[in-house]
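# Secondary and tertiary structure notes
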Amino acid sequence: MKFITIDEAYEYLKKICEEEGSLIVDERNDKLYQIPFISLTFTEEIHQKVGNIYNIKIPDGVNPNMLSNYTKQLQNGNIGDFVYTYGHRFMTYFNVNQYEYMIKKLRENKHSRRAVAITIDPRKDTQENEIPCLQLIKCSIVNNKLVMSVVFRSNDISLAFKYNMFALLNVQQYISKELGIEPSEFNYVGFDVHYRII
């Protein structure tokens, strides 16, 4: 399925979870509708160009301050008071800035298949209850535009999806800008995608 807004994708995933998902109780004792796997694509139209600046429509129903803070968090290496943050895992945790690594690989060869960033650390995460839901970012240049793909081991549609997508689309724009090219499609792969019963 292809989408041009986060809200459209959210409504689609919510419907799929409710209509086709299994009703489960998870480790936190939350009741959820869950599907084991889904993938979708945001077309490049999600990146609305105004002059030389790209914008992404802010999704409905999100807290603008929380969205802004979450988006910034994904683009800095600070961990703050959290067990982990994606920005920390991507930028400082492994003593390497993985965003810079992906940019370097694609500058060296625009056909590189090595522009990958990961969050999981089996040495630590196998001992923890809270481990990163976002596992991987993969960047590729296709037709001289940046395609970004992400893989989630689990994704909470009701609480996290809109924030995740908005922040990650901003990471795609950042990497595109650093490479001097336009952002293109954004691919989402989700395992154990779920919607909470409130």
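Anyway, here's the lowdown on the structure attached to this text.

## A few points about the packing of helix α2 (residues 64-73) against helix α6 (residues 161-179)
- Close contact between α2 and α6 brings their axes to 9 Å; oriented N to C, the two are set at 45 degrees. Relative to α6, the element α2 is oriented oblique. When you trace α2 past α6, the crossing you get is right-handed. Of α6, the residues touching α2 (which contributes M66, L67, Y70 and T71) are Y163, N164, F166, A167 and N170.

## What to know about the pattern of salt bridges
- A complete count under the given rule lists 15 salt bridges for this structure.
- Of the charged contacts, one joins D30 and R196 as a salt bridge, the two residues approaching to 2.6 Å between their closest N and O atoms. Linking D30 in the loop between β2 (22-25) and β3 (31-42) with R196 in strand β10 (residues 182-196), this pair joins segments that are 166 residues apart in sequence.
- The class of D30 is partly exposed, set by a relative accessible area of 23%.
- Accessibility expressed as a relative area gives 16% for R196, which makes it buried.
- With its nearest N and O atoms 3.6 Å apart, the salt bridge here joins K105 to E108.

## Focus: the side chain of H88
- Along the chain, H88 turns up in helix α3 (residues 86-93).
- Setting aside residues up to four positions removed in sequence, H88 forms contacts with N76, G77, N78, I79 and Y93.

## Thoughts on the layout of surface pockets
- Space inside the largest pocket adds up to approximately 1,100 Å³.
- Lining the largest pocket we find 30 residues, and of these R28, Y84, Y86, E130 and C133 sit closest to its centre.
- Breaking the lining of the largest pocket down by element, the ones donating at least two residues are β3, α2, β9 (155-156), α6 and β10.
- Class assignment for the residues of the lining of the largest pocket results in 14 nonpolar, eight polar and eight charged.
- For the second largest pocket, the calculated volume is near 270 Å³.
- In this structure, the second largest pocket is lined by K49, N52, I53, Y54, Q173, Y174, S176, K177, G180, I181 and E182.
- Among the elements of the structure, β5 (53-55) and α6 are those that each provide at least two residues to the lining of the second largest pocket.
- Class assignment for the residues of the lining of the second largest pocket results in four nonpolar, four polar and three charged.

Analysis parameters
Residues numbered from 1 in each chain as written. Predicted model: local features only at pLDDT ≥ 70, side-chain atom pairs only at ≥ 80, totals over all residues. Heavy atoms only, no water. Axes fitted to C-alpha atoms, helices over the stretch in contact; angles between N-to-C directions. Helix = DSSP H or I, 4+ residues; strand = E, 2+ residues; numbered from the N terminus. Parallel < 35°, antiparallel > 145°, perpendicular 65-115°, else oblique. Left-handed = near helix turned anticlockwise from the far one by under 90°. Contact = heavy atoms within 4.5 Å. Salt bridge = Lys/Arg side-chain N within 4 Å of Asp/Glu carboxyl O. Buried < 20%, exposed > 50% of the residue type's maximum accessible area, 1.4 Å probe, protein only. 1 Å grid on protein atoms, 1.4 Å probe; cavity = no way out; pocket = protein on both sides within 12 Å on 5 of 7 lines; lining within 4 Å. Points joined across faces, edges and corners; volume = space filled by probe spheres on them. Nonpolar A, V, L, I, M, F, W, Y, C, P; charged D, E, K, R; others polar.

In short, shape yes, function no, at least from these values alone.
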